[in-house]
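# Close look at the chain arrangement
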Amino acid sequence: MSDHRIMVIDDEKIVCDMAKMSLEQEGYSVETFLNAEPALARLKETSFNVVVTDYKMKGIDGMEVLRTVKKLYPETKVIMITAFANLDTAIEALRGDVHDFFPKPVKIKELKASIGRALVKQ
């Protein structure tokens, strides 16, 4: 078991469940959240190496998650996923210092590779 901690925030339970199952098979410790508010509260309690967040969610969206994480925990890498990918969204995320950006459906192999690269940079 790796000591790397991964947080997944997505309002689609199946995305959270699939990511958790796949990433735990890689040895990561994974926590999932269906919205950002409890996830950001959890970040105050414990650190995570990587946060994978959906872009569009009710309440706090992925861009706000990105801004909050980078402001309070700059060493934490953020990977954004979205069903609403377009150039403007990608540019906004990159300006916010996102580590990686994926359109849905996310290929788990690509997500694992991105997480691996994020962990190497830490």
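What this report covers is the structure whose coordinates are included nearby. Quantities reported herein were computed from a predicted structural model and do not represent experimental measurements.

## A short note on a nonpolar patch on the surface
Nonpolar side chains collect at one region of the surface, where Ile14, Met18 and Met21 lie side by side and expose about 320 Å² of accessible area between them. Within the element layout of this structure, Met21 appears in helix α1 (residues 13-25). Look at Met21 and you get partly exposed, because its relative accessible area is 44%.

## Brief notes about the environment of Val8
Turning to its location among the elements, Val8 is positioned in strand β1 (residues 5-9). Val8 gets classed as buried once you look at its relative accessible area, which sits at 1%. In the structure, Val8 is positioned 50 residues away from Lys58 in sequence and 16 Å away in space, judged by C-alpha atoms. Discounting residues that sit within four places of it in the chain, Val8 has contacts with Cys16, Ala19, Leu23, Val30, Glu31, Thr32, Phe33 and Val52.

## Topic: the side chain of Asp54
The residue Asp54 is located in strand β3 (residues 50-54) in this model. Polar side-chain contacts of Asp54 include one of 3.3 Å to the side chain of Lys104. When sequence neighbours within four positions are dropped, the list of residues in contact with Asp54 reads Ile9, Asp10, Asp11, Gly62, Ile81, Thr82 and Lys104.

## A closer look at the packing of aromatic side chains
The full count for this structure, using the stated rule, is zero aromatic pairs. Seen from the ring of Phe48, Arg5 lies directly overhead, with NZ or CZ sitting 4.7 Å from the centre. Taking NZ or CZ as reference, Lys56 lies 4.6 Å from the ring centre of Phe84, over its face.

## Quick word on the pattern of salt bridges
Counting across every chain of the model gives twelve salt bridges. Between Glu26 and Lys112 there is a salt bridge whose closest N-O contact spans 3.2 Å. Residue Glu26 is located in the loop between α1 and β2 (29-33), and its partner Lys112 is located in helix α5 (residues 108-120); the two are separated by 86 residues in the primary sequence. A residue is classified by how much of its surface remains accessible, and Glu26, at 45% relative accessible area, is partly exposed. The exposure class assigned to Lys112 is partly exposed, which follows from its relative accessible area of 23%. Between Arg42 and Glu45 there is a salt bridge, with its nearest N and O atoms 2.9 Å apart. Taken together, the positions of Arg42 and Glu45, both in helix α2 (residues 36-45) and three residues apart, correspond to about one turn of that helix. On the accessibility criterion, Arg42 (25% relative accessible area) is partly exposed. Glu45 gets classed as exposed once you look at its relative accessible area, which sits at 59%.

Parameters at a glance
Residues numbered from 1 in each chain as written. Predicted model: local features only at pLDDT ≥ 70, side-chain atom pairs only at ≥ 80, totals over all residues. Heavy atoms only, no water. Patch = residues over 30% accessible without salt bridge, like charges linked within 9 Å, V, L, I, M, F, W, Y side chains within 5 Å. Areas by Shrake-Rupley, 256 points an atom, 1.4 Å probe, with all protein chains shown as cover. Salt bridge = Lys/Arg side-chain N within 4 Å of Asp/Glu carboxyl O. Helix = DSSP H or I, 4+ residues; strand = E, 2+ residues; numbered from the N terminus. Buried < 20%, exposed > 50% of the residue type's maximum accessible area, 1.4 Å probe, protein only. Contact = heavy atoms within 4.5 Å. Polar contact = N/O pair within 3.5 Å; in protein donor to acceptor, adjacent residues only side chain to side chain. Phe/Tyr/Trp six-rings, centres within 6.5 Å; stacked < 30°, edge-to-face > 60°. Lys NZ or Arg CZ within 6 Å of the ring centre and 35° of its normal.

These figures come from the coordinates and say nothing about function on their own.
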